[in-house]
Structures are given as C-alpha cells and as structure tokens.
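Examining the three-dimensional arrangement
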Amino acid sequence: YFSEDFHGHYGNDLLGDHPGRTFKVRKDLQLEELEHIIARGVGRPVNQIRLWPFICRSNKTNRPSMIEKEDLTKTIQQISDRANPWQIFVETLDQDSCEVSLRKTDPEDELLLFFKYFEPVS
C-alpha cells in the first residue's frame, strides 16, 4: 500500500478491502531484494522507500510495524508469518522534498503514527 491508498477510506480499519498494488515474488526472496524490486516498480531509488509490514492484531485490525536492520537478510516467508498475501505500507520520499533519501529511523525512539480523520454522521 502507498499513501494514496489511504485517501478516501472511511472504514474502521486503516485500509479497505482493495488490494493496493501487487508485486508477485518468491517467498524465499530476501527482504533486501524485495526493496529493490519495489523501488524499481515505483521508479525510485531504494534509499527513497521504506517498507512497513502490516501485522494482524488480536482485535482483527491491521497495523504497520517497523522492520529491524537485521531483518533485511531474512526471507519474506520468515518475516511475513506465512501471510498470503503479505501486506506492506511503502513509505516514499515526497517528490517535492529537497532531501535525497528518507531519514534513518531509530526503533528505540521513533514510531509511525497514522491519524485517521473521523467525522460522525450527525
């Protein structure tokens, strides 16, 4: 999923039932290789994308989680908990940014927040 996939979704969870963009890859592919495939698919250098895999929580909601540096050498099957399809959010550097790459994140001090606009029918 990409940022634009969140626009216009008004359901309870972050995402609707639409599948987003699909990349077919082998399950034994390392995550680092997947980054390169997705970067090529969206026409960006690898340093301008960041993958956030969705995990299914006990309340049946999907939330993004951070990928640790050591996870890049693991296979998709190891990381995805055998989810099929495996859903990920692809963070991309804003096209208008004067930066050349996404800033490194520190999992000890940072987290990704999604704010969802909610306007109840009155």
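The residue numbering used here restarts from 1 in each chain and proceeds along that chain's sequence as written. A pLDDT threshold of at least 70 governs which residues receive local features in this predicted model, and a stricter bar of 80 or more applies before side-chain atom pairs are shown or counted, although totals over entire chains, interfaces and linings include all residues. In computing side-chain properties, one takes all heavy atoms of the structure into account and sets aside hydrogens as well as water.

Focus on the overall build of the protein chain
- By definition, any uninterrupted DSSP run of H or I lasting at least four residues is a helix, any uninterrupted run of E lasting at least two residues is a strand, and each is numbered from the N terminus. Check the secondary structure of the protein chain and you find 2 helices and 3 strands.
- In the protein chain, the succession of helices and strands from N to C terminus is α-β-β-α-β.
- A total of 122 residues make up the protein chain; the buried ones form 29% of that total.
- Only heavy atoms matter for contacts: two residues are in contact if any of them lie within 4.5 Å across the pair. Taking the intrachain contacts of the protein chain between residues at least 6 apart in sequence as the baseline, contacts between residues at least 24 apart amount to 62%.
- The Shrake-Rupley method, run with a 1.4 Å probe sphere, supplies the accessible areas, and residue values consider only the shown protein chains as cover. With an accessible surface of roughly 9,100 Å², the protein chain has 49% of that area assigned to carbon and sulfur atoms. For every residue, the accessible area (1.4 Å probe, protein chains only) is compared with the maximum for its type, and the residue is labelled buried under 20%, exposed over 50%, or partly exposed between those bounds.

Comments concerning the sheet that holds strand S2 (residues 62-64)
- Across the sheet, which stays open at both edges, the 3 strands sit in the order S2-S1-S3 with antiparallel pairing between neighbours. Since the sheet does not close on itself, it has two edges, and those belong to S2 and strand S3 (88-92), each with one partner. Neighbouring strand axes in the sheet, compared pairwise and without regard to direction, differ in orientation by 25 degrees on average.
- Strands pair, by our definition, only if DSSP identifies at least two bridges between them. For strand S1 (residues 49-56) and S2, the ladder comprises 3 bridges, and the chain directions are antiparallel. Bridge pairing in S2 links Phe 54 to Pro 64.
- Here an axis means a line fitted to C-alpha atoms, over the contact stretch when the element is a helix, while the angle between two N-to-C directions is reported on a 0 to 180 degree scale. Across the sheet, helix H1 (residues 31-42) lies against S1 and S3, angled at about 115 degrees from S1, the strand it touches most.

So, the pattern of salt bridges
- Salt-bridge detection follows one rule: a side-chain nitrogen of Lys or Arg within 4 Å of a carboxyl oxygen of Asp or Glu. With the rule as written, the count across this model stands at 3 salt bridges.
- Residue Arg 50 is joined to Glu 91 by a salt bridge in which the shortest nitrogen-to-oxygen separation is 2.9 Å. Of this pair, Arg 50 sits in strand S1 while Glu 91 sits in strand S3, and the two are 41 residues apart along the sequence.

Looking at the environment of Gln 95
- Topologically, Gln 95 is positioned in the segment after S3.
- A residue is classified by how much of its surface remains accessible, and Gln 95, at 62% relative accessible area, is exposed.
- Distance from Gln 95 to Arg 44, taken between C-alpha atoms, is 10.0 Å for residues 51 residues apart in sequence.

Describing a negative patch on the surface
- Note that patches include only residues with greater than 30% relative accessible area and no salt bridge, and the join distances are 9 Å for like charges and 5 Å for nonpolar side chains (Val, Leu, Ile, Met, Phe, Trp, Tyr). A residue counts as positive if it is Lys or Arg and as negative if it is Asp or Glu; His and the chain ends are not included. In plain terms, the charge of a residue is placed at NZ if it is Lys, CZ if Arg, CG if Asp and CD if Glu. A cluster of like negative charges, contributed by Glu 68, Glu 70, Asp 106, Glu 108 and Asp 109, occupies part of the molecular surface.
- Note on placement: Glu 70 falls in the loop between S2 and helix H2 (76-79).

Quick look at the side chain of Asp 71
- When you line up the elements, Asp 71 lands in the loop between S2 and H2.
- Beyond its immediate sequence surroundings of up to four residues, Asp 71 is in contact with Leu 31 and Ile 79.

Let's talk about H1
- Expected helix span is taken as 1.5 Å per residue step, with the number of steps being one fewer than the number of residues. With 12 residues, H1 extends 17 Å from end C-alpha to end C-alpha; this agrees with the ideal 16 Å at 1.5 Å per step.
- Turning to H1, the residues buried within the fold contact S1, H2 and S3.

Digging into a nonpolar patch on the surface
- A grouping of Leu 111, Leu 113 and Phe 115 is seen on the molecular surface, where their side chains present a nonpolar patch of about 420 Å² in accessible area.
- Structurally, Phe 115 can be placed in the segment after S3.

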